Structures are given as structure tokens and as C-alpha cells.
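Structure at a glance
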Amino acid sequence: VIGMEEKSLHSIQLAGLLHDIGRFIQHSSSTENGGESKHPNISRDFILCYKDVFSQYVDDSVLVELVQRHHENPLFPKELLAQEASPGNRQLCLLLSQANSMSSLEHDEEDDSFRDYKDTPLSSIFAQLQLYDEKARPVPKVYRPLPLKPKDAFPYEDKSLDKTYSKELSVLVENFKKDFSQLADESRELQFETFFSRLTALLQKYTWPVPSNTQEKNHDISLYDHLKTTSAIAAALYLYHQEKDDFADESMCNLNENKFRLVVGDLSGIQSFIFSGLAKTSKGAAKSLRARSFILSSIGEVVTYRILKEFGLNKVNVLMSSGGNFHLLLPNLEDSESRINHLPKELDALMMERFQGEVGLNLGQVEFNGFAFRRFDEVLSAANQVLASRKVKQFNQILIENKAWIEDQFHLEFKGDPEKGICQGCGQAFTAIEEEVSLCRYCFSEREFGKKLAQAKYLYFYEKPFATKGKFHLLGDYWIVPTKDVLIEKDQPFFVLSLNETNLQGLTYPCGF
């Protein structure tokens, strides 16, 4: 049994993800009155259709009203306005409306000419690129409405989709409905975090090629990105106002107040770590390259989990994670800054132990207000400046105390047998295992991981596992298991990553692809 506050948070997170699902469903040829009914009503009907599913996690009547009333614009009829919601739900409706508006602030200005949403595909952002010649612009390209797969993620010339777009889009919606029905059938066995992660993955799979607003001059923001960021903003807003115990209209609609905090993380030393020592021997080099690359990306997975867990949030609040870099959206609580500030010392110690100083993890953070979503690039720039200042003082929190070096920290302990010589993998530690190639314990583990990774379909991430077999150490208390099969273990993973497959059917833990 969960408390009312947690249930309200879950409601606002789900409503953020599903408030505009009507924009997607109305593309289906089977949707009754799809062209006449307002999209909030279609979103409402979707929740009502599956109320037995959603009622397992939240009050379905609250969720219904949230998705139906996520606008404050008086151009909408009263039955769709947040300010006209029932007294018990009015504040949450206003909060969701604010999150929806903030998520839309960076959208382009609307075009003068009307575009039919049924015939308007998602534009590629590359069509806006311009080099030195102002007259030379790329040929406008758009995306086909197909489920997310690597081969279908490339744009096409606009005119090539004229005859197929509407039909393909209708099929896309119908396939989403089938997959959601499957998720609904499995939902009785799923905890909220697992259900929420699988729903997020479904929306990513099916709504990624659909524009969130077809009336913009450059309709290049996908519906999935809008749904995800709305959910993230709404969750941060709820936690902020919950702490202050202030859900008054004036406070909720105050965009000048710094209610948000952006945390950026960056791994340094990536190239050095991945390629170090590979020239010493070619045996197993491919396995090492594969393993080291995945290990570094997995470090980002672990650290984002560690931070989000601290705030009771999930992966929709990861705005971006790629190439050893991540951005997290958090509420600006009274102690948010101090909670983040105590992490670098802990992480520095773990990274020093695991990578002997070759790889470092740096964190930066800034607070910002609701208006800043309009020019979010400026928020990113400010956060990156803080991050840059941290990089020039890397590991200082564990190497310096009272303005003096901590000399013991400069003596690294390398396990292994000195008499067996130096590791032929990295050339930086003593040999621990002698087979075809003499390797230290880390290089041996990496090559074993690389072998299993080539055949794996899933990566299971664990915190403090005990009984799980085939685990490989990542960082501190965190471990990873590559596997071809869905695992059922006593140890519960905090995340399962599906490799090269978007079908998450059968996974009963928080997951994604």
C-alpha cells in the first residue's frame, strides 16, 4: 500500500506521459469522431478504456480528469480547462497544465498557413542546418511513421511520403494499441516502476516519428519528447510544491521562481581508457574494446540511477544520456544542492578505486525557473560552465585536505602477482590470471564480459547482488549481468536494458531499450 503523496506523484507522472495520447490515437482510421473530438477527450477515453489497469496504481478518476484538463487557454471549452476542474483535483490539473506549457516553451512559432495533422510528418532538424552560403539549404526531409528501429530512423524526402503517410500512421496507432493491450494483460504482475518504464518504452517506440505540434513552422519536436519532458517537469514541480506545502494558484503559476535544478554529468578520460594497452597485444582486443565501451556507458546508467533514487524519480527525468554525458531534471528542494554536492567525493573515491584515476566523473548543477525552458540552451551553457570548473579540479576532494595533498591517496594498490609481470591488456597492473595472455583481474573480467556481451540480449543492472550468477563488477556496489534469457532471480535488478530489441514483453523489472 502506498501513501497518498506517492500516489499523487504517480498520477502526475502518468498524466504527463498520457495527456496528449489523444493527439496520437486520433490518427487511427478506427477512432470514432477522431477528426471532430478534441484530443484531451480522446486521451480521457483512452484512460477510461483501461481504467482497471490504471486503478492498480493510481486513482483512475484523478488520472481521467488530469489528462482531460491539462489546458488553461480559454479557447478550449470549460469541460477541458484545468481551472474548472473539481475542487479535489484542481491543483494537480493546474500543475500538469503548467508542466505542459513549460515543455512547449521551446517550440517554434506557429505558421500562418494551416496544416492537417493527419498529413503532416515529423521534420528532420537537419533541414534547418545552414552553412556559409545562405541560399544553400538541405533538402527538407521527414520521418516515416514506423516503429522505432535503427534502419527506420533515417529521414526521407518530404514528397516521397505523400501517398503512404496517412495509411502508415494509422497502422502505427493500431500496433500501439495491440502492444498496450498486451502490457495491460501483464500489468497485474507488475509494480508501478516496471509498468511505467514499459509504458514509456512503448511511447518511445510508437510516438517518436509523430510531431507534437503540426502548426509550427518547423514541426521537428516529436510527440514522445513532449510527453516525456512534460512528465519530468510535472514530477519535479509536484515534489517542489509538496515540500513547500504550497499549491496555491499564485505559487503554482509563478514562472519566476527557481523551482528546477539541472544536473549534468560527464566522464573524462574515455578515449584513454578504451584504447589503453591495446597495442601491447592483439589477442582479445575486440572483446576489450566492446567491453570497455559498454562499461563506461553503464557507469552513466549507475550514477543516474543513484541520483534519481535520491529524489524518488525515474528515468523520464533523464533528459539525455549519451557518450559519457548525462542531464537530469530535478526539483530545486531546500537540500537539493547539498544532496548533489556530497556525491562528487563519494564518486571520486569509487572511480579512483575502479579506474586508478584514468577515468573521472564530474558533476555540475544549476537552478533555474520556468521561463528558462524557452531558452534551455542557456541553462545548459550555465551548467556546462560549472562542469568545466569541476574538471580542472578533478579528484581534488579525495586528494586534498586543508589545502595539503593527502599523500596516501597517491599510493595505488594493484592486486596481482609482481613475479608474473605486468598485465598485457592494460600495461598498468600486475598479472593476476595467466592464460593465452597474462592479464590483471580487471582486464580478464573485461574480456570475459566482452565474450558474453556479443551473445547477450539483455543487460541486468544490480545494486548489492548476492545470489546472481555471471555478474561483472561495475562500480562500488553496482554489478551487471549480460544474458541471452529473461532472468528470474532472488536479487531484483534496478534496471534491465534490452539490446537491439524494442519488445519488452515478459520483463518484470524496470526496463528500457
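Every residue gets a number counted from 1 within its own chain, in the order that chain's sequence is written. This being a predicted model, a pLDDT of at least 70 is required before a residue's local features are given, and a value of 80 or more before pairs of side-chain atoms are given or counted; all residues contribute to the totals for chains, interfaces and linings. Only heavy atoms go into the side-chain values, all of them from the structure, while hydrogens and water stay out.

1. Details of the side chain of Asn100
How we decide: Strands here are runs of E lasting at least two residues and helices are runs of H or I lasting at least four, both read from the DSSP assignment and numbered beginning at the N terminus. Side-chain atoms alone can form a polar contact between residues adjacent in sequence; in general such a contact is a pair of N or O atoms within 3.5 Å, and within protein one must be able to donate a hydrogen while the other accepts it. Every residue pair with non-hydrogen atoms within 4.5 Å of one another is taken to be in contact.
Relative to the elements of secondary structure, Asn100 occurs in helix α6 (residues 90–103). Side-chain polar atoms of Asn100 contact the side chain of His19, separated by 3.2 Å. Beyond its immediate chain neighbours, meaning those up to four positions away, Asn100 contacts His19, Asp20, His70, His71, His226 and Thr230.

2. What about the pairing of strand β12 (residues 472–475)?
Our working rule: In this scheme, strands are said to pair when DSSP sees at least two bridges between them.
Pairing analysis gives 3 bridges linking β12 to strand β13 (residues 478–483), with the strands arranged antiparallel. Across the sheet, His473 pairs through a bridge with Trp479, a residue of β13. The turn linking β12 back onto β13 is made up of 2 residues, and Gly476 within it adopts a positive phi angle of 55°.

3. Focus on the nonpolar core
Put simply, the rule is: We define a nonpolar core as any set of buried Ala, Val, Leu, Ile, Met, Phe, Trp, Tyr and Cys residues linked to one another through side-chain atoms lying within 4.5 Å. The rule is simple: take the accessible area with a 1.4 Å probe, protein chains only, and divide by the maximum for that residue type; under 20% is buried, over 50% is exposed, in between is partly exposed.
With 122 residues, the main nonpolar core has Leu18, Phe46, Phe54, Phe180, Phe195 and Ile307 as its most contacted residues. By residue number, the principal contributor to this core is helix α9 (residues 223–244), which donates 11 residues. Grouped together as the second largest cluster of nonpolar side chains are 11 residues, Tyr458, Tyr460, Val481 and Tyr509 included.

4. Things to note about the packing of helix α7 (residues 165–186) against helix α8 (residues 192–207)
Applicable threshold: With axes taken as lines fitted to C-alpha atoms, and helix axes fitted only over the stretch in contact, angles between N-to-C directions fall between 0 and 180 degrees. Here roughly perpendicular refers to angles of 65 to 115 degrees, roughly parallel to angles under 35, roughly antiparallel to angles over 145, and oblique to all remaining angles.
It is at 10 Å that the axes of α7 and α8 come closest, and there the two elements cross at 170°. It follows from the interaxial angle that α7 and α8 lie roughly antiparallel. In this structure, α7 contributes Leu172, Asn175, Phe176, Asp179, Phe180, Leu183 and Glu186 to the contact, and α8 contributes Phe195, Arg198, Leu199, Leu202, Leu203, Lys205 and Tyr206.

5. Regarding the pattern of salt bridges
How we decide: Only one rule defines a salt bridge in this text: a Lys or Arg side-chain nitrogen within 4 Å of an Asp or Glu carboxyl oxygen.
Across all of its chains, the model carries 23 salt bridges by this definition. Taking the shortest distance from any N to any O, the salt bridge between Arg144 and Glu168 comes out at 2.2 Å. A residue pair is termed long-range when its members are at least 10 positions apart, and Arg144 in the loop between β1 (141–142) and β2 (156–157) and Glu168 in helix α7 qualify at 24 residues. Judged by relative accessible area, Glu168 falls into the buried class, the value being 17%. A salt bridge links Asp377 to Arg375; its shortest N-O distance comes to 3.3 Å.

6. What about a nonpolar patch on the surface?
Convention followed: Within this analysis, patches are made of residues with over 30% relative accessible area and no salt bridge. Like charges are joined at 9 Å or less; nonpolar side chains (Val, Leu, Ile, Met, Phe, Trp, Tyr) at 5 Å or less. Accessible surface area values rest on a Shrake-Rupley calculation with a 1.4 Å probe, where residue burial reflects the displayed protein chains alone.
A surface patch of nonpolar side chains, about 310 Å² in accessible area, is lined by Ile125, Phe126 and Leu129. Looking at the secondary structure, you find Phe126 in the loop between α6 and β1.

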